[in-house]
Amino acid sequence: MRGIGLDIRFEGAGVSFGARVALQPLTLGISGKRIGVIGLNGSGKTTFARLINGLTKPSVGRVTVNGRDTSDEKTAVADVGFIFQSPQNQIILPIVKDDIAFGLKRRGFTKAEIEAKVEGVLARFGAEALADRRAHELSGGELQVAALCSVLATGPGILILDEPTNQLDLKNRALVEGIIAGLPESAIIITHDLELIAGFERVLLFHEGRLAADAPAAEAIARYKEIAA
Amino acid sequence: MRGIGLDIRFEGAGVSFGARVALQPLTLGISGKRIGVIGLNGSGKTTFARLINGLTKPSVGRVTVNGRDTSDEKTAVADVGFIFQSPQNQIILPIVKDDIAFGLKRRGFTKAEIEAKVEGVLARFGAEALADRRAHELSGGELQVAALCSVLATGPGILILDEPTNQLDLKNRALVEGIIAGLPESAIIITHDLELIAGFERVLLFHEGRLAADAPAAEAIARYKEIAA
Amino acid sequence: MQSLYVEGNSVMHRLSPRLKLLSLTIFGVVLFISGNLVLLSITVLLTAVLYRMVGLPFADGLRRLRPVFLTIAVVALFNLIFNPWQEALVPLLRLTALMLLAATVTATTSITEFIDEVTALARPLERTGWVQADDIGLALGLVLRFVPEIVGRYQAIREAHKARGLKVRPTTLLAPLIILTLKDADNIAAAIDARGIRRHVS
Amino acid sequence: MMMSTRDLVLTALFAAIIVALGLLPPISLGFIPVQITAQSLGVMMAGVVLGARRGAIAVLIVLVLVAIGLPVLSGGRGGLAIFASPTAGFLIGWIFAAFVTGYLSERLVNHQQSALVQTVSFFLTAMVGGIVVLYAFGITYLATVAGLGFTKAFVGSMAFIPGDVIKAFVAALLGRAVMVGYPLLPSRA
Ligand SMILES: Nc1ncnc2c1ncn2[C@@H]1O[C@H](COP(=O)(O)OP(=O)(O)OP(=O)(O)O)[C@@H](O)[C@H]1O
Ligand SMILES: Nc1ncnc2c1ncn2[C@@H]1O[C@H](COP(=O)(O)OP(=O)(O)OP(=O)(O)O)[C@@H](O)[C@H]1O
Ligand SMILES: O=C(O)CCCC[C@@H]1SC[C@@H]2NC(=O)N[C@@H]21
Ligand SMILES: [Mg+2]
Ligand SMILES: [Mg+2]
């Protein structure tokens, strides 16, 4: 599955919270390696992403991943890795390597397999030094890397990153940008940092819960700037 | 005092936490209307700013504000307003207008004076609608404005903003940028968002706890990019 | 969070909070002096009238008392099974009267009045150097502000479990919740000091 | 010994955690007029994490909130009338439960110990403070003021033991996790 991504389909899927419509019904297919998502605060980006891994269930319509309805899944879709907007909420155990191992333990790997996987994923980012660090002491950039390791350790087919360059300096931002560029996994990147998605062939622009553009980066960004003006 | 700013002096002031040096001893005078502060994560920017209002006391040397040693003050320096890196931690009481009033109550104003001040500062940002909102429901941009109001209500001579455009969309970012440009108070702005300080005449660049540049924006940014490369 | 205060202008509303709290305390002590059934019944009647005067619609007034009254009634039932009926009735009447007067004070005193009163009560204690009376209002305000935030963070951490396909267990949920919350405390404390809200404390 | 701002915020945060635990609905047992509540877990946690003084103050703040008419107890209960209910002894006991749990934690647990020793010690302190001390208050009040008599009050209260042992266990795991993950906690005596 890795590197190919998944076949994601929105079939008239929309989300309301009480009277407030967070996402208007939407029909859309997603495939390809890199997809950007942009829009104003509150425009529906995070809601859109949460539909894909089933964290939010559609109020109308349905969302399928490889043909399986996400509403039928008891928990989030295993093939979809999700990095939250605030990565500090994402690290569950106090020590980094324990946190990475945590997601694997429940999947029935042996102790040796788990250790190998933890080391492997840390090595992939040259982040071996993080293994024994306390999660709450990490700088913003380090937190982002730790969260990525925990999610990638379980081998998802596609990765969703919600504002991954928040609070990062130029160097850490470049690091994350490099990581994204180098991921063999498919990725959906939600961001206010327009340079991060500048080269993408497909960028979705949300506005007031509606898909306002589905176009190459330059075009979507131009529309976004009109909206924000 | 307003609009003139303060006379801030670092006299060989440095900060260590145990064995870790957060800020190397530094001698420096600060005045002028707009000062930018940039540097990598962990380079000492926030520590530098906290020295100015006395939240952190220097391990060596001293820092004076208008001739008074900040170490002598029991609590933070009243003339220095501080907007933290995470504004959600800055709003102390549940309702916005109560929060703004709170800082004033302990300063011995009458009820009527406090009300007038709260209304005045909200009006200044056209943010009257925020008065009765619950702090935890505000969007990122609104939070930033509310935090500014609470701090400005007490009439500080200088304002320190630590990464004020974090997590904001283009529109809210422009709002904050506009607010900064329009402040009659002097301001020190710490940021990773280089466009925000692009026009400043004076930008301090920190690197590994040392002042690596004290120069006009273009020059400091160029040095920063070398460091981050 | 909705308080139990009821807007109004009854006698009890107009009494000073201090007088109300003082009376309630004295009442609580005096009630236990006598075990006379007639006297206690009259007391219940009087406190019930006082509670009626608060201005709550009848059904609302009852609904508020229900949880506490139920527990009092259960105790009385127990006593009735094992003891003579007089012995069951005395605590029932006592606690009911106390409940009625307490509910009346609660319904006629606003949160602000209460906080001011508690603050004033603590003022003399400032000389011990242990408390700063104004901190009470600050602490109570902080709690009200933190509750929704903690609930929000709880939900975020639950979702983090789900997103990684992990079962949500109390221990793996509480640990990050508490650690992250404690970490926030440092930032919030710095924010309070930066705004010079507690001037005189280092 | 005035509280630092940080201590003030820490106690308020824990009070908020206890209030938040009240959002879980209480379970009524029917045969004893006291409900099973998750909030007493918060009381043990306050002692284990904050220590004696701050833990007790956190609980005190919750009781002040109850007294001033905010519905912060499980099931949305609050107001002065609560102190007329037969459960009031437990509520007052919460303060001492947090204090004793904290006092013992400060003395029994330190960073040099192994994980197991820390967890077991925290468990014992939570049992002593959150059960022995707490029940002493709760049962005495039930027996005297509510007029239930000691035997019945005691036997009835035993129904809470299984739940409260589990809570002490959860509090112990948490106390240990916080010790590993948040060593900034001021060192204990
Ligand atoms: N659980 C919820 N309950 C009620 N309203 C919600 C909920 N989640 C989201 N919303 C609302 O739905 C709308 C879309 O929210 P969403 O989080 O998708 O925005 P976003 O585009 O990710 O914004 P941001 O850039 O600020 O992260 C907003 O108006 C938001 O307030
Ligand atoms: N209370 C503390 N205890 C120990 N180390 C600290 C403390 N505060 C800061 N440091 C360390 O001091 C150094 C400088 O920190 P500072 O917060 O000033 O960085 P910064 O430039 O603001 O970084 P960022 O861009 O990530 O906000 C860092 O290495 C940090 O880990
Ligand atoms: O009125 C309340 O909400 C609190 C009552 C106290 C409940 C006590 S605390 C110890 C014991 N364990 C429980 O779960 N409930 C009782
Ligand atoms: Mg979002
Ligand atoms: Mg900083």
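Remember, predicted model here, so these are calculated numbers, not experimental data.

Parameters and conventions
- Residues numbered from 1 in each chain as written.
- Chains lettered and ligands numbered in written order.
- Predicted model: local features only at pLDDT ≥ 70, side-chain atom pairs only at ≥ 80, totals over all residues.
- Heavy atoms only, no water.
- Helix = DSSP H or I, 4+ residues; strand = E, 2+ residues; numbered from the N terminus.
- Contact = heavy atoms within 4.5 Å.
- Lys, Arg positive; Asp, Glu negative; His and termini not counted.
- Charge placed at Lys NZ, Arg CZ, Asp CG, Glu CD.
- Domains from an automatic or database assignment.
- Salt bridge = Lys/Arg side-chain N within 4 Å of Asp/Glu carboxyl O.
- Nonpolar A, V, L, I, M, F, W, Y, C, P; charged D, E, K, R; others polar.
- Buried area = accessible area lost by both parts, 1.4 Å probe.
- Polar contact = N/O pair within 3.5 Å; in protein donor to acceptor, adjacent residues only side chain to side chain.
- Near = heavy atom within 4 Å.
- Areas by Shrake-Rupley, 256 points an atom, 1.4 Å probe, with all protein chains shown as cover.
- Buried < 20%, exposed > 50% of the residue type's maximum accessible area, 1.4 Å probe, protein only.
- UniProt positions renumbered as here; feature names shortened; annotations may be inferred.
- Axes fitted to C-alpha atoms, helices over the stretch in contact; angles between N-to-C directions.
- Left-handed = near helix turned anticlockwise from the far one by under 90°.
- 1 Å grid on protein atoms, 1.4 Å probe; cavity = no way out; pocket = protein on both sides within 12 Å on 5 of 7 lines; lining within 4 Å.
- Sits in = over half its atoms within 2 Å of the grid points.
- Expected span 1.5 Å × (residues − 1).

Q: An account of the overall build of chain A is needed here, citing residue identities and associated values.
A: Each helix and strand in chain A was counted, giving six helices and ten strands. Its C-alpha atoms give chain A principal-axis dimensions of roughly 50 × 40 × 35 Å. Long-range pairs, those at least 24 residues apart, make up 66% of the contacts in chain A with a sequence separation of at least 6. Positive and negative charge centroids in chain A, built from 26 and 27 side chains respectively, lie 4 Å apart.

Q: Tell me about the domain arrangement of chain C, and please be specific about residues and values.
A: Once the domains are mapped, chain C shows domain 1 (11-109) and domain 2 (115-195). On a C-alpha basis, the centroid separation for the pair domain 1 of chain C and domain 2 of chain C is 34 Å.

Q: Let's hear about the interface of chain D and chain C: which residues, and what values?
A: Facing 56 residues of chain D, the contacting portion of chain C comprises 59 residues. In this structure, the connection of chain D to chain C is made through zero salt bridges. Mapped by element, the contributors of at least two residues to the side of chain D that touches chain C are α1 (5-21), α2 (39-50), α3 (52-67) and α7 (161-181) of chain D. The element best represented in the side of chain D that touches chain C is α1(D), accounting for 13 residues. Here the side of chain D that touches chain C is composed, by residue class, of 44 nonpolar, nine polar and three charged.

Q: Can you explain the interface of chain C and chain B? Please cite residues and give values.
A: The partner chain B presents 26 residues to the 26 residues of chain C that form the contact. Taking both partners together, chain C and chain B bury about 2200 Å²; carbon and sulfur atoms supply 56% of that area. Inspection of the region where chain C meets chain B yields zero salt bridges. Remark: the boundary between chain C and chain B carries two residue pairs in polar contact (both at pLDDT 80 or more). Put simply, the parts of the chain that give the side of chain C that touches chain B at least two residues each are α7 (134-163) and α8 (170-194) of chain C. Each residue belonging to the side of chain C that touches chain B can be placed in one class, and the counts come to twelve nonpolar, six polar and eight charged.

Q: Go over the site of ligand 1, please, and point to the residues and values.
A: Residue and element names in this part refer to chain A. Of all residues adjacent to ligand 1, which total 14 residues, the nearest are Asn41, Gly42, Lys45, Thr46 and Thr47. Asparagine 41 has a polar side-chain atom sitting 2.9 Å from an oxygen atom of ligand 1. Considering ligand 1 on its own, with 640 Å² of exposed area, one finds that the protein chains cover 65% of that surface. Among the elements that take part in the shell around ligand 1, helix α1 (residues 45-52) stands out by supplying three residues, more than any other. The residue inventory of the shell around ligand 1, partitioned by class, reads three nonpolar, eight polar and three charged.

Q: Describe in detail the environment of D:Val170, supporting the description with residues and values.
A: By secondary structure assignment, the location of D:Val170 is in helix α7. A relative accessible area of 12% means that D:Val170 is categorised as buried. The residues contacting D:Val170, other than those within four sequence positions of it, are C:Thr171, C:Leu174 and D:Leu41.

Q: How would you sum up the UniProt feature "transmembrane region" (unreviewed entry) in chain C? Please name residues and give values.
A: Residues and elements named next belong to chain C. Mapped onto the present numbering, the UniProt feature "transmembrane region" (unreviewed entry) falls at residues 21-48, 68-85 and 92-111. Helix makes up 89% of residues 68-85 and strand makes up 0%, while its end C-alpha atoms are separated by 21 Å. Counted over residues 92-111, helix gives 90% and strand 0%. Its end C-alpha atoms are 29 Å apart.

Q: Summarise unusual backbone geometry; cite the residues concerned and give the values.
A: All names here are of chain B. For glutamate 163, which is not glycine, the phi torsion reads 55° and is therefore positive. In this fold, glutamate 163 is placed in the loop between β7 (158-162) and α5 (170-182). Even without glycine at this site, glutamate 208 takes up a positive phi of about 50°. As for its placement among the helices and strands, glutamate 208 is situated in the loop between β9 (202-207) and β10 (210-215). Using a relative accessible area of 60% as the deciding quantity, one classes glutamate 208 as exposed.

Q: Residue-level account of the environment of A:Ala22, with values.
A: All names here are of chain A. Take alanine 22: it is sitting in strand β2 (residues 20-30). On the basis of relative accessibility, which here comes to 11%, the residue alanine 22 falls in the buried class. Expressed as a C-alpha distance, the spacing of alanine 22 and threonine 165, which sit 143 residues apart in the sequence, is 24 Å. The contact partners of alanine 22, leaving out residues within four places of it in the chain, are Val15, Ser16, Phe17, Ser43, Gly44, Thr47 and Gly209.

Q: So what's going on with the packing of α2(D) against helix α4 (residues 88-108) of chain D? Residues and values would help.
A: Residue and element names in this part refer to chain D. It is the contact of α2 with α4, at a shortest axis distance of 7 Å, that shows an interaxial angle of 35°. Note on packing geometry: the crossing formed by α2 with α4 is right-handed. Of the residues in α4, those in contact with Gln39, Ser40, Val43, Met44, Gly47 and Val48 of α2 are Trp94, Ala97, Ala98, Thr101, Gly102 and Ser105. Taken together, the residues that form the contact of α2 with α4 break down as six nonpolar, six polar and no charged.

Q: Which residues make up the side chain of C:Thr47, and what values go with them?
A: All names here are of chain C. Assignment of secondary structure puts threonine 47 in helix α3 (residues 37-52). Polar side-chain contacts of threonine 47 include one of 2.9 Å to the backbone oxygen of threonine 43. Residues in contact with threonine 47, not counting those within four places in the same chain, are Phe27, Ala97, Leu100, Leu101 and Thr104.

Q: Lay out the environment of A:Phe48 with the relevant residues and their values.
A: Residues and elements named next belong to chain A. Looking at where phenylalanine 48 falls in the secondary structure, it is placed in helix α1. Once the C-alpha coordinates of phenylalanine 48 and proline 58 are considered, the two residues, ten residues apart in sequence, prove to be 9.6 Å apart. Excluding anything up to four places from it in sequence, phenylalanine 48 contacts Phe10, Leu23, Leu26, Leu28, Ile30, Val37, Leu204 and Phe206.

Q: Pulling in residues and values, what's your account of the site of ligand 3?
A: Residue and element names in this part refer to chain D. Residues in contact with ligand 3 amount to 15 residues; listed here are only the nearest, Gln35, Thr37, Arg77, Asp164 and Lys167. Here a nitrogen atom of ligand 3 sits 2.8 Å away from a polar atom, N or O, in the main chain of glutamine 35. Lysine 167 is positioned such that a nitrogen or oxygen atom in its side chain is 2.8 Å from an oxygen atom of ligand 3. A majority-of-atoms criterion places ligand 3 in the largest cavity. For the shell around ligand 3, the secondary structure elements donating two or more residues are β2 (35-36), α4 and α7.

Q: Tell me what's going on with the pattern of salt bridges, and back it up with residues and numbers.
A: If you walk through the whole model with that rule in mind, you get 30 salt bridges over all chains. Notably, a salt bridge pairs B:Glu11 with B:Arg62, separated by 3.0 Å at the nearest N-O pair. Of this pair, B:Glu11 sits in strand β1 (residues 8-17) while B:Arg62 sits in strand β4 (residues 60-65), and the two are 51 residues apart along the sequence. Since its relative accessible area comes to 36%, B:Arg62 is described here as partly exposed. The closest approach of N and O atoms between B:Arg133 and B:Glu142, which form a salt bridge, is 3.8 Å. Note on B:Arg133: relative accessible area 28%, which makes it partly exposed. Within this structure, A:Glu11, A:Arg62 and A:Asp69 form a network of salt bridges that share partners.

Q: Could you give an account of α3(D), naming the residues involved and the relevant values?
A: In this model, α3(D) (16 residues) spans 23 Å end to end at C-alpha, consistent with the 22 Å of a helix rising 1.5 Å per residue. Most of α3(D) sits inside the fold, with twelve of its 16 residues counted as buried. Here α3(D) has its buried residues at D:Ala52, D:Arg54, D:Gly55, D:Ala56, D:Ala58, D:Val59, D:Ile61, D:Val62, D:Leu63, D:Leu65, D:Val66 and D:Ala67. Lining the buried residues of α3(D) we find α5 (85-108), α6 (111-122) and α7 of chain C together with α1, α2 and α4 of chain D.

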